[in-house]
Amino acid sequence: MKKFFVSLVTAMTAVSAFSEVPAGLITSQPEGTLYTDVYSSSREFLMYGGMPARTDNWGYRSEIVVNGNDIYIHNVIRDYEGLDSWIKGTITDGVAEFPLPQPVYYKAGDEAEGTAEVVLYAEMVKAVGTASDKTIVPDAEAPSLRMTWDGKNLVQILPTPSADDPDYDGLCALTNSKHGYMAYGSKDIRYQIWEEKPLSAPATLETRLYSLTYTDQMDESQTRQVSVGVDGSDLWIQGLNSFLPETWVKGTIGADGKVTLPSGQYMGLKNDYYMFFMGAEYEKSGYRIIDAATIGTEGDNYVAETSMLINLGKDGSSPAGNLNMRSAVFAPVTSAIQTPDNPEILEISYEEGMSMLVFIIMPSDIQGEALNSSNLYFNVFVNGEPYTFTPENSFVPETITDIPFTYPYYDSYLMAGGDGMFIAGVEGVLEKMGVQSFYVNHDGTVTKSALVEEAFQSAGIEDTSVVESPVVKSEYFDFCGVRVVDPAPGLYIRRDTRADGTVNATKVIVR
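Let me sum up the structure you'll find in this document.

## Details of the side chain of Glu123
Then step 1. Tracing the backbone through its elements, the reader meets Glu123 in strand E7 (residues 118–130).
Then step 2. Put simply, Glu123 is tucked away with no salt bridge, and the nearest opposite charge, on Lys126, sits 12 Å away.
Then step 3. Within the structure, Glu123 has its side chain in polar contact with the side chain of Thr175 (distance 2.8 Å).

In structure tokens form, the structure reads like this:
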């Protein structure tokens, strides 16, 4: 392991000798038929927290272009931030062959700053040596990425397992101009042109509001509101997926009154991930996907007999946020008018010209009953007044003051962190920031929570009397912990390494 890690560090510090954009780098969309709705899955090799890691990546939206016998894949190495390029292959007798290496990234150097140009490639690699003393090298025997193609599915053909470390066999990796492995790569790559649509409930379906309460994988109780309707022997549930609250799941009511909800029901696309409903069994190691979830009845309540997941992808257990539902109970909503619970402020801070507020919006009322998340909103307050986020001051897609609980964006000064957590940033030194929820009830009545506010310490002015060691390296991460090479405007965590070896993590704004 020591030799492998040293080799990896050496590779990552090597730079390109090119003096211009390398031939073969495709950064514009190729000519041909563009498929933008492509389901992908792969085994990912990446750097996380400064160390090599591996993960399964299921259900990410990708793009491919087909032009006669030519075929192109966009960003074949999924988890390396900063790529925006295509690799080109040729289809022959149902096999697409992508000859590698092909350039996938270029960054010009800056002589004034003393930085060199960087060229990165997609290249097939393999491991040579033992598990504790191995080197990752280009695969000269199988240099091409080969995939079967039937007009809809593109599936990697893995090479014959090697004697050294078969885990790296078939790895399409990121390498530098000296063919050094950069610790990022994809294998067991699969693409499927996606045609399925989410289910639509009958237009005549009559529904009733239910409060859904369940235990998530962290053993925390969660609650929210869903709609349930019965149409003959079909039972429909809307609102299980808080990321896509308008989507439906359909089950069949059996002779014994129990409801069977089949796994694999497609619910839509969110943040470039395909989401599915899955039945599951909860085990110590996590959730195991089963053919269907089962729901029984106890009086007026529906009681789940199995776990339910809102899943990223359809290839294995990968619950989205806290949408892993164990011991779920659906109880009819009895409150006529509901008032939302108070928000909770987690942090208020001033850093590098930005005043920031981190808070949680509760999707429940003051009695603890679930709310319909589609009818829940909030306002951010700045110095006691509601604040309007605009594309000019916050990089949001459109001007917004009344912010829906289902607000989906995470690359602006107003960021949805998932599970009801939000981060709001406002440029400048402020006296205080706050947040207030409001709810539109079924009869149109609007109810509000209390306004929760906090003041900044010393009006955000920092003590500059302490002389710190100079920063020698800065890295940016999103709020999910994923490293970002070229951050777009928005909020990030910047990790600075100083000359004395200390490391500091700070929330920053990229303009």
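And the narrative resumes.
## Digging into the sheet that holds strand E30 (residues 414–418)
Then step 1. Taken together, 4 strands build an open sheet; the order of strands is E25-E26-E31-E30 and the sheet is antiparallel. Every other strand in the sheet has two partners, leaving strand E25 (344–351) and E30 as the edge strands with one partner each. Each neighbouring strand pair of the sheet contributes to a mean axis angle of 15 degrees, computed without reference to strand direction.
Then step 2. Here 7 bridges tie E25 to strand E26 (residues 354–360), and the two strands are oriented antiparallel to one another. Paired with Tyr350 across the two strands is Ser355, which belongs to E26.

## Things to note about the nonpolar core
Then step 1. Ranked by internal contacts, the top residues of the largest apolar core, which has 33 residues, are Ile73, Val76 and Leu145.
Then step 2. Top element by residues in this core is strand E12 (residues 181–193). It accounts for 6 residues.
Then step 3. Excluding residues within four positions of it along the chain, Leu145 makes contact with Val76, Ile87, Ala96, Glu97, Phe98, Leu100, Met124, Gln156 and Ile189.
Then step 4. Membership of the second largest hydrophobic core comes to 28 residues, among which are Leu357, Leu376, Ile400 and Ile403.

## Some words on the packing of aromatic side chains
Then step 1. Enumeration according to the criterion identifies 23 aromatic pairs in this entry.
Then step 2. Their ring planes at 65 degrees and their centres at 5.2 Å tell us that Trp194 and Tyr266 sit as a pair that is edge-to-face. Pair noted here: Trp194 is in the loop between E12 and strand E13 (207–215) and Tyr266 is in strand E18 (residues 265–270), with a separation of 72 residues, a long-range link.
Then step 3. Judged by centre distance (5.8 Å) and plane angle (85 degrees), the rings of Trp194 and Phe276 are edge-to-face. Highlighted residues: Trp194 in the loop between E12 and E13 and Phe276 in strand E19 (residues 273–283), separated in sequence by 82 residues.
Then step 4. By relative accessible area, which is 1% here, Phe276 ends up buried.
Then step 5. Among the aromatic residues, those joined into a cluster by ring pairs are Tyr39, Trp194, Tyr266, Tyr274 and Phe276.
Then step 6. For Arg78, the ring lying beneath its charged end belongs to Tyr60, and the centroid distance is 3.5 Å.
Then step 7. In this structure, Arg326 is placed above the aromatic ring of Tyr282, and the distance from its NZ or CZ to the ring centre is 4.0 Å.

## Looking at unusual backbone geometry
Then step 1. With omega at 10 degrees, the peptide bond leading from Leu100 into Pro101 counts as cis.
Then step 2. Following the sequence through the fold, Pro101 ends up in the loop between strand E5 (95–99) and strand E6 (102–107).
Then step 3. A positive phi angle, close to 50 degrees, is found at Asp188, a residue other than glycine.
Then step 4. Within the secondary structure, Asp188 is located in strand E12.
Then step 5. By relative accessible area, Asp188 is classed as partly exposed at 31%.
Then step 6. Look at Ser327: it is not a glycine, yet its phi comes out positive at around 55 degrees.
Then step 7. One can find Ser327 in strand E24 (residues 319–332).

Rules behind the numbers
Residues numbered from 1 in each chain as written. Predicted model: local features only at pLDDT ≥ 70, side-chain atom pairs only at ≥ 80, totals over all residues. Heavy atoms only, no water. Helix = DSSP H or I, 4+ residues; strand = E, 2+ residues; numbered from the N terminus. Buried < 20%, exposed > 50% of the residue type's maximum accessible area, 1.4 Å probe, protein only. Lys, Arg positive; Asp, Glu negative; His and termini not counted. Salt bridge = Lys/Arg side-chain N within 4 Å of Asp/Glu carboxyl O. Polar contact = N/O pair within 3.5 Å; in protein donor to acceptor, adjacent residues only side chain to side chain. Pairing = 2+ DSSP bridges. Axes fitted to C-alpha atoms, helices over the stretch in contact; angles between N-to-C directions. Core = buried A, V, L, I, M, F, W, Y, C linked by side-chain atoms within 4.5 Å. Contact = heavy atoms within 4.5 Å. Phe/Tyr/Trp six-rings, centres within 6.5 Å; stacked < 30°, edge-to-face > 60°. Lys NZ or Arg CZ within 6 Å of the ring centre and 35° of its normal.

Scope: geometric values only; no functional claims are made or implied.
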